[in-house]
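Coordinate inspection notes
The primary structure of each chain is shown beneath.
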Amino acid sequence: MTHISLEGELQIIQEIAYDCYNDMNEPLFSNNPSLSLPTPYTISDTKNKFIVVGCDALALFQGHRGDENYTTGCMSICNDNVGSANASCSGIGCCQTSIPSGLQSLGMKTDQFVNEVIVLSQINHRNVVRLLGCCLETEVPLLVHEFITQGTLFEHIHKNKGKGSLLSWELRLKIASETAGALAYLHSSTSTPIIHRDVKTMNILLDDNYTAKVSDFGASRFIPIDQTQLATLVQGTFGYLDPEYFHSNQLTEKSDVYSFGVVLAELLTSRVALSFARPEAERCLAHFFVCSVEDGNLNQILCDDIVKEEDIDQRVIENVAHLAKRCLRVKGEERPTMREVTMELEGMIMTKHPWGSADHNFPEETMHLLGSPNTFMDYIVDVDGDGGPGTTSACDSMQLELLNSYADGR
């Protein structure tokens, strides 16, 4: 107690709430104080403010008045320095809110800012779900995302919950390319590289136009610019989990590449990533898929919907399968990067564009833009020599230009 007024006002010193973490984002120590007052005293709502100071912090204020319970709070985000002085809010890196009147008790709790908010606040990409806000008026804070109408890619591939639809091969390839582009953006074009850490068909949403939207960044991690890997507790979904990460706890961008390879295998086969209902040799899709491709049995495991389609270039399917196989290599260093994966998928899609056709009505423009490709392979850049010497063409410059476009979050 620091002061008593003649009007019956008491001033007391109250502990602050805090959470402290190390460089690995692991909790070190915390303090969550509370205060209860005897009748008739209440906490003044005019002379007290709830202030949060810190970067990427969420704090909650809870209290009760009679039988009524109240919860309020605020969140702060900052890129560099905290804009505060003497624990008072002065700008960036702090926030404040009023407290309800007549409270007889209070409790304060701080927490590392919801990881998903931290990540999504730094992302602006058409193929990443947008964060619209956060609701603190519930017992557990809720994130509000844009509404994606067509559900998850998993539901469409495996025809679950009545949302299944016939995904054409062209649409599957488009979804794969958009997802790869979003992951390449996360790895290369944000201020600090982001590893999603839970890439799977359940976390790829589809809108009315079947545009892919990567979602669920609750497990994601930032990788410091001067590091290429991060030691973490293993987190992810079995069937999609990078075996190298599982055994070493060393998280790298190539962990997302492996998971994306499983997504490609799902798009090609319409089989779930892990199923104990299948024979033992086929339970893990990644292993079964790689063995089937190596044994020349790709056509035997392709999705029936793809097999029944007409006018599909078998070479495109084979190239996607071999790309998936490279993504699924056990050693991360032997996998392509997401940028390289995106380049190859974009190259395959460009072969379907009218200006890539030899029968185009404007041969001069075709020659100027693409040169004179004679085969499908003229459009592919072999990123690691898996299929023999790399073939380059005038199209390479267009594919390289695609890389530059990630910087603006296309």
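Quick caveat, the model's predicted, so the values are computed rather than measured.

Confidence along the chain averages 74 in pLDDT terms, with 67% of residues attaining 70 or more. Residue range residues 224-234 is modelled with pLDDT below 50. Its contacts to residues more than four positions away, or to other chains, number 30 contacts. The model gives residues 354-410 a pLDDT under 50, and that stretch makes 82 contacts with residues more than four places away or in other chains.

Across soluble globular proteins, you tend to see nonpolar side chains buried next to one another. Formed by 56 residues in total, the largest nonpolar core has its most connected members in Leu153, Phe260, Phe289, Val320 and Leu345. Among the elements that make up this core, the one with the highest residue count is helix H3 (residues 169-188) (11 residues). Excluding residues within four positions of it along the chain, Phe260 makes contact with Ala176, Thr179, Ala180, Leu183, Val199, Met338, Val341 and Leu345. Counting residues in each nonpolar core, the second largest holds 11 residues, with Phe50, Val52, Cys74 and Cys95 among its members.

The next subject is unusual backbone geometry. The phi dihedral of Tyr210 is positive, around 60 degrees, even though this residue is not glycine. Tracing the backbone shows Tyr210 in the loop between strand E16 (204-206) and strand E17 (212-214). Its identity as a non-glycine residue notwithstanding, Ser270 has a phi of 60 degrees, on the positive side. Among the secondary structure elements, Ser270 is positioned in the loop between helix H5 (253-269) and helix H6 (285-294).

Across its 17 residues, H5 extends 25 Å between first and last C-alpha, which sits within 8% of the 24 Å expected from 1.5 Å per residue. In terms of burial, H5 is a largely internal element, 16 of the 17 residues being buried. Sitting at the amino-terminal end of H5 is Thr252, which places a side-chain oxygen 3.2 Å from the backbone nitrogen of Lys254. Following H5 by one or two positions, Ser270 adopts a phi angle in the positive range, close to 60 degrees.

Time to look at the packing of H5 against H6. Where H5 contacts H6, the axes come no closer than 10 Å and their chain directions differ by 70 degrees. Classified by the angle their axes make, H5 and H6 are roughly perpendicular. Crossing geometry of H5 relative to H6 is assigned as left-handed. In this structure, H5 contributes Tyr258, Val262, Ala265, Glu266, Leu268 and Thr269 to the contact, and H6 contributes Leu285, Ala286 and Phe289. A breakdown of the residues in the contact of H5 with H6 according to their chemical character gives 7 nonpolar, 1 polar and 1 charged.

Where nonpolar side chains cluster on the molecular surface, the patch consists of Met1, Ile4, Leu10, Ile12 and Tyr41 and spans about 500 Å² of accessible area. Mapped onto the fold, Leu10 is located in strand E2 (residues 10-11). Assessed through its relative accessible area of 37%, Leu10 is described here as partly exposed.

What follows covers the environment of Ile175. Structurally, Ile175 is set in helix H3. A C-alpha to C-alpha distance of 9.0 Å links Ile175 and Ile204, two positions 29 residues apart in sequence. The contact partners of Ile175, leaving out residues within four places of it in the chain, are Leu153, Leu206, Tyr210 and Ala212.

Let's shift gears to the pattern of salt bridges. Applying the stated criterion across every chain, the model contains 8 salt bridges. Note that Asp242 is salt-bridged to Arg335, the shortest N-O span being 2.6 Å. Taken together, the residues Asp242 in the loop between strand E19 (230-231) and helix H4 (243-248) and Arg335 in the loop between helix H9 (314-327) and helix H10 (338-350) connect sequence positions 93 residues apart. Each of the two residues, Asp242 as well as Arg335, counts as buried. In this structure, the salt-bridge partner of Glu344 is Arg326, at a minimum N-O distance of 2.3 Å. Note that Glu344 is positioned in helix H10 and Arg326 in helix H9, a separation of 18 residues in sequence. Exposure class is identical for Glu344 and Arg326. Each is buried. A network of salt bridges, in which partner residues are shared, links Arg126, Lys174 and Glu178.

About the thresholds
Residues numbered from 1 in each chain as written. Predicted model: local features only at pLDDT ≥ 70, side-chain atom pairs only at ≥ 80, totals over all residues. Heavy atoms only, no water. pLDDT = per-residue confidence, 0-100. Contact = heavy atoms within 4.5 Å. Core = buried A, V, L, I, M, F, W, Y, C linked by side-chain atoms within 4.5 Å. Buried < 20%, exposed > 50% of the residue type's maximum accessible area, 1.4 Å probe, protein only. Helix = DSSP H or I, 4+ residues; strand = E, 2+ residues; numbered from the N terminus. Expected span 1.5 Å × (residues − 1). Polar contact = N/O pair within 3.5 Å; in protein donor to acceptor, adjacent residues only side chain to side chain. Axes fitted to C-alpha atoms, helices over the stretch in contact; angles between N-to-C directions. Parallel < 35°, antiparallel > 145°, perpendicular 65-115°, else oblique. Left-handed = near helix turned anticlockwise from the far one by under 90°. Nonpolar A, V, L, I, M, F, W, Y, C, P; charged D, E, K, R; others polar. Patch = residues over 30% accessible without salt bridge, like charges linked within 9 Å, V, L, I, M, F, W, Y side chains within 5 Å. Areas by Shrake-Rupley, 256 points an atom, 1.4 Å probe, with all protein chains shown as cover. Salt bridge = Lys/Arg side-chain N within 4 Å of Asp/Glu carboxyl O.

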